[in-house]
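For reference, the chains in residue letters:
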Amino acid sequence: MNWDDTTDTDAGPERLVGPAAERLVGSVADREDQAVEAALRPKDLGEFIGQEKVREQLDLVLRAARARGATADHVLLSGAPGLGKTTLSMIIAAEMGAPIRITSGPAIQHAGDLAAILSSLQEGEVLFLDEIHRMSRPAEEMLYMAMEDFRVDVIVGKGPGATAIPLELPPFTLVGATTRAGLLPPPLRDRFGFTAHMEFYEPAELQRVVHRSAHLLDVEIDTDGAAEIAGRSRGTPRIANRLLRRVRDYAQVKADGVITREIASAALAVYEVDARGLDRLDRAVLEALLKLFGGGPVGLSTLAVAVGEERETVEEVAEPFLVREGLLARTPRGRVATPAAWAHLGLTPPRSTAAGSGQQDLFGS
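Residues numbered from 1 in each chain as written. Predicted model: local features only at pLDDT ≥ 70, side-chain atom pairs only at ≥ 80, totals over all residues. Heavy atoms only, no water.

1. Some thoughts on the pairing of strand β3 (residues 126–130)
To keep it simple, the criterion reads: Accessibility here uses a 1.4 Å probe with only protein chains present; expressed as a share of the type maximum, an area under 20% marks a residue as buried, one over 50% as exposed, and anything in between as partly exposed. Helix and strand definitions here come from DSSP, where helices need a minimum of 4 consecutive H or I residues and strands a minimum of 2 consecutive E residues; each element is numbered from the N-terminal end. A pair of strands is considered paired only if DSSP assigns at least 2 bridges between the two.
Of all five residues making up β3, five are buried, and the element is well covered by its neighbours. Residues Val126, Phe128 and Asp130 line one face of β3 and the alternating positions Leu127 and Leu129 line the opposite face, and both faces are buried. Bridging between strand β2 (residues 100–104) and β3 involves five bridges; their strand directions are parallel. Opposite Thr103, over in β3, you have Leu129 as the bridge partner.

Dropping the structure here:
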């Protein structure tokens, strides 16, 4: 049961605003999520569910550091929102018996901002830098020396009279989190001693997450009810916990408060989350692609107009999950529905689509 806090509120691909940010199956944390997650968050690696390889490797890194009496190596965590990056950063601090300071890349716009944070760190402290790929370039270059030599050069003055004053830093552990590891420059990525990629969760792991959260929230749930919620959670613990809270509300108002498979299914039908985890926006994209454009190919802008959403909303919010589920494909000619999409909506594909999945060869045959 693991997920991330949201430490920055700037708009962007990772921080959508408007209707896209209000989706029940969205992976970005709102204020309610952050408040609940603080109470449900695991306190050590033993409580952390899922990410078996990452947990095993990180446990070795932390144990070795404690045995040496040294600070842990810098850690880079990458993966989609809601998988547990912030939780792991807090666990690293707890395992090392060190305080933690949390900030984000977009909040550090100048090298001076970073210098102020670094100069106030205590020895052994963990600095968690969320969305590290969105940090400004001057601050990023200052971070190179801080990570490697525990030193920064503070520039005093301007022009020819400017002077660089070296500032020694106490040993610290930087934990960087990113949803887009490919945007990190190689010099920064290479300075991390341990790099881990967070994978999406299997339904069985999410079922354990739901059971644990239900226990902590004092919600009665049976195995089938937990499995139903887990199966619609898109592989993300944050979404599983959000769905659990909405199903809990339904069970308290419409039933006796006990969550069963039937109650969970009825509740999520009210919130328009289907058995595969698709919500209204996801189905609108698929229905437009299938019913209006015969399965495609169709351009992204045209598809966005058809569903009444911005191009960026369709591309950044709906498409990643549809592609991951094998319901939609991106091709040079446009978006194309797969046979699984036709089957999911209970529609029969046109003969040409069934034979060639909407694609033609070079000669149009």
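Alright, that's what it looks like, and here's the rest.
2. Some points on the nonpolar core
The line we're drawing: Residues belong to a common nonpolar core when they are buried Ala, Val, Leu, Ile, Met, Phe, Trp, Tyr or Cys residues joined through side-chain atoms within 4.5 Å.
Core analysis: the largest hydrophobic core is formed by 44 residues, its most contacted members being Leu58, Leu88, Ile221, Ile229 and Ile259. Residue contributions to this core peak at seven residues, all from helix α9 (residues 237–254).

3. Structural notes on the pattern of salt bridges
The criterion, for reference: Any carboxyl oxygen of Asp or Glu within 4 Å of a side-chain nitrogen of Lys or Arg constitutes a salt bridge here.
For the coordinates displayed, the defined rule picks out 19 salt bridges. Residue Asp249 pairs with Arg246 through a salt bridge whose shortest N-O separation is 2.9 Å. Residue Asp249 and its partner Arg246 are both found in helix α9; the two are separated by three residues, about one turn of the helix. A residue is classified by how much of its surface remains accessible, and Arg246, at 14% relative accessible area, is buried. For Glu319, the salt bridge goes to Arg335, with nearest N and O atoms at 2.6 Å. A residue pair is termed long-range when its members are at least 10 positions apart, and Glu319 in helix α13 (residues 311–324) and Arg335 in strand β11 (residues 334–337) qualify at 16 residues.

4. Side note on the pairing of strand β6 (residues 173–178)
Burial runs high along β6: six of the six residues are buried. Burial along β6 is two-sided: the face carrying Thr173, Val175 and Ala177 and the face carrying Leu174, Gly176 and Thr178 are both buried. Judged from the four bridges that link them, strand β1 (residues 75–78) and β6 form a sheet pairing that is parallel. Residue pairing across strands places Ser78 opposite Thr178, the latter belonging to β6. Relative to β6, β3 runs parallel, the two being bridged by four bridges. Its bridge partner being in β6, Val126 is matched across the sheet by Thr173.

5. What to know about the sheet that holds strand β7 (residues 194–197)
Put simply, the rule reads: All axes are obtained by fitting lines to C-alpha atoms, using only the stretch in contact for helices, and the reported angles, taken between N-to-C directions, cover 0 to 180 degrees.
Sheet architecture is open: five strands sit in the order β2-β3-β6-β1-β7, paired in parallel fashion. The open sheet has two edge strands, β2 and β7, and neither has a second partner. Sheet twist, expressed as the average angle between the axes of neighbouring strands with direction ignored, equals 15°.

6. Quick look at helix α2 (residues 52–68)
The test is simple: Here the expected length of a helix is defined as 1.5 Å per residue gap, with one fewer gap than residues. Arc definition: directions from the helix axis to the C-beta atoms. Whether two residues are in contact is decided by their heavy atoms: any pair within 4.5 Å suffices.
Compared with an ideal rise of 1.5 Å per residue, which puts 17 residues at 24 Å, α2 spans 25 Å between its outermost C-alpha atoms and is within 8% of the ideal. Within α2, the full set of buried residues consists of Val54, Arg55, Leu58, Val61, Leu62 and Ala65. Down the axis of α2, the buried set is contained in an arc of 130°. They therefore lie on one face. Those residues of α2 that are exposed and angled more than 90 degrees off the buried face are Lys53, Leu60, Arg63, Ala67 and Arg68. On its buried side, α2 packs onto β1, α3 (85–96) and β7.

7. So, the confidence of the model for the protein chain
Filter applied, for reference: For every residue, the predictor states its confidence as a pLDDT score lying anywhere from 0 to 100.
Looking at the protein chain as a whole, the pLDDT averages 82, with 83% of positions reaching at least 70. Contacts of residues 1–20 to residues separated by more than four positions or lying in other chains number 82 contacts, the stretch itself having pLDDT below 50. In the model, residues 354–365 has pLDDT below 50 throughout and makes 14 contacts with residues more than four positions away in sequence or in other chains.

8. Considering unusual backbone geometry
The residue Glu131 is not glycine, and still its phi comes out positive at about 45°. Note on placement: Glu131 falls in the loop between β3 and α5 (137–149). Look at Glu131 and you get buried, because its relative accessible area is 3%. Although it is not a glycine, Glu272 adopts a positive phi angle of roughly 60°.

9. What about the side chain of Arg232?
Test applied: Pairs of N or O atoms are called polar contacts if they sit within 3.5 Å, as long as, within protein, a hydrogen donor faces a hydrogen acceptor (for residues adjacent in sequence, only side-chain-to-side-chain pairs).
Mapped onto the secondary structure, Arg232 falls in the loop between α8 (223–231) and α9. A relative accessible area of 6% means that Arg232 is categorised as buried. Of the polar contacts made by the side chain of Arg232, one reaches the side chain of Glu228; its length is 2.6 Å.

10. As for the environment of Ala94
For Ala94, the position within the fold is in helix α3. Expressed as a C-alpha distance, the spacing of Ala94 and Leu45, which sit 49 residues apart in the sequence, is 9.6 Å.

11. Section: the packing of aromatic side chains
Rule in force here: Two rings from Phe, Tyr or Trp (for Trp, the six-membered ring) form a pair when their centres are within 6.5 Å of each other. A pair whose planes differ by under 30 degrees is stacked, one over 60 is edge-to-face, and the rest are tilted. We call a charge positioned over a ring when the NZ of a Lys or the CZ of an Arg lies within 6 Å of the ring centre and within 35 degrees of the ring normal.
Applying the stated criterion to the full structure yields one aromatic pair. Aromatic side chains Phe150 and Phe172 sit 5.5 Å apart centroid to centroid with 80° between the ring planes, which places their arrangement in the edge-to-face category. One end of the pair, Phe150, is in the loop between α5 and β4 (151–156); the other, Phe172, is in the loop between β5 (163–168) and β6, and 22 residues separate them in sequence. Since its relative accessible area comes to 1%, Phe172 is described here as buried. A cation over an aromatic ring shows up here: Arg234 above the ring of Phe321, its NZ or CZ 3.8 Å from the ring centre. Over the aromatic face of Phe200 sits the side chain of Arg324, whose NZ or CZ is 3.6 Å from the ring centroid.

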